[in-house]
Amino acid sequence: NLVEYAGAHRPLYIVRNNEVEQFKGSPFPIGGMQYRGRNKYKNREFEYNKGDSIFFFSDGLPDQFGANGEDKYSPQRIRELIVEHQDKSMKELENIFREDLKTWMGEEKQIDDVLLMGINF
């Protein structure tokens, strides 16, 4: 019942008892010559309980511009959707996020990879 996580400048969210807790990733991205030799990723461990869920995502999701071309999708929006729909299955959450991102983007082009992973224990 142990999760070990090392995030490259990306957080991991755990949903437990109707609340979201954030584990910050290490402050280094995977790429970038300026970080060569300084990118020591810190492993974080935590125990999970039956009913907990974890979520992590690429930077392309929160950085995606909306239809107005200015606002980004944002980590806050991701957390809010997770909390609002925490009683849903992962398949239902996939559809909720897919439709929400599509609506958010409107005619805006996708600027980066978009990955959101969720695991329910």
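Higher on the page you've got the structure.
The rules behind the values
Residues numbered from 1 in each chain as written. Predicted model: local features only at pLDDT ≥ 70, side-chain atom pairs only at ≥ 80, totals over all residues. Heavy atoms only, no water. Helix = DSSP H or I, 4+ residues; strand = E, 2+ residues; numbered from the N terminus. Contact = heavy atoms within 4.5 Å. Phe/Tyr/Trp six-rings, centres within 6.5 Å; stacked < 30°, edge-to-face > 60°. Buried < 20%, exposed > 50% of the residue type's maximum accessible area, 1.4 Å probe, protein only.

**Examining the environment of F57**
Then, number 1: Looking at the element boundaries, F57 is found in strand β5 (residues 53-57).
Then, number 2: Put simply, F57 and Y13 are 44 residues apart on the chain and 9.5 Å apart in space, counted from C-alpha to C-alpha.
Then, number 3: Residues within four places of F57 in sequence aside, it is in contact with R10, P11, Y13, P62, I78, L115 and L116.

**What about unusual backbone geometry?**
A negative phi holds for most residues other than glycine; trans holds for most peptide bonds.
Then, number 1: Its identity as a non-glycine residue notwithstanding, H9 has a phi of 65°, on the positive side.
Then, number 2: Structurally, H9 can be placed in the loop between β1 (2-5) and β2 (12-16).
Then, number 3: With a phi close to 75°, S74 is a non-glycine residue in the positive phi region.
Then, number 4: Within the secondary structure, S74 is located in the loop between β5 and α1 (75-84).

**A short note on the packing of aromatic side chains**
Then, number 1: Tallying each qualifying case throughout the model produces 5 aromatic pairs.
Then, number 2: With centroids separated by 4.6 Å and ring planes inclined at 15°, the aromatic side chains of F23 and F46 adopt a geometry described as stacked. Within this pair, whereas F23 is found in strand β3 (residues 19-23), its partner F46 is found in strand β4 (residues 44-47), the two being separated by 23 residues in sequence. Across the pair, F46 and F23 agree in class, each one buried.

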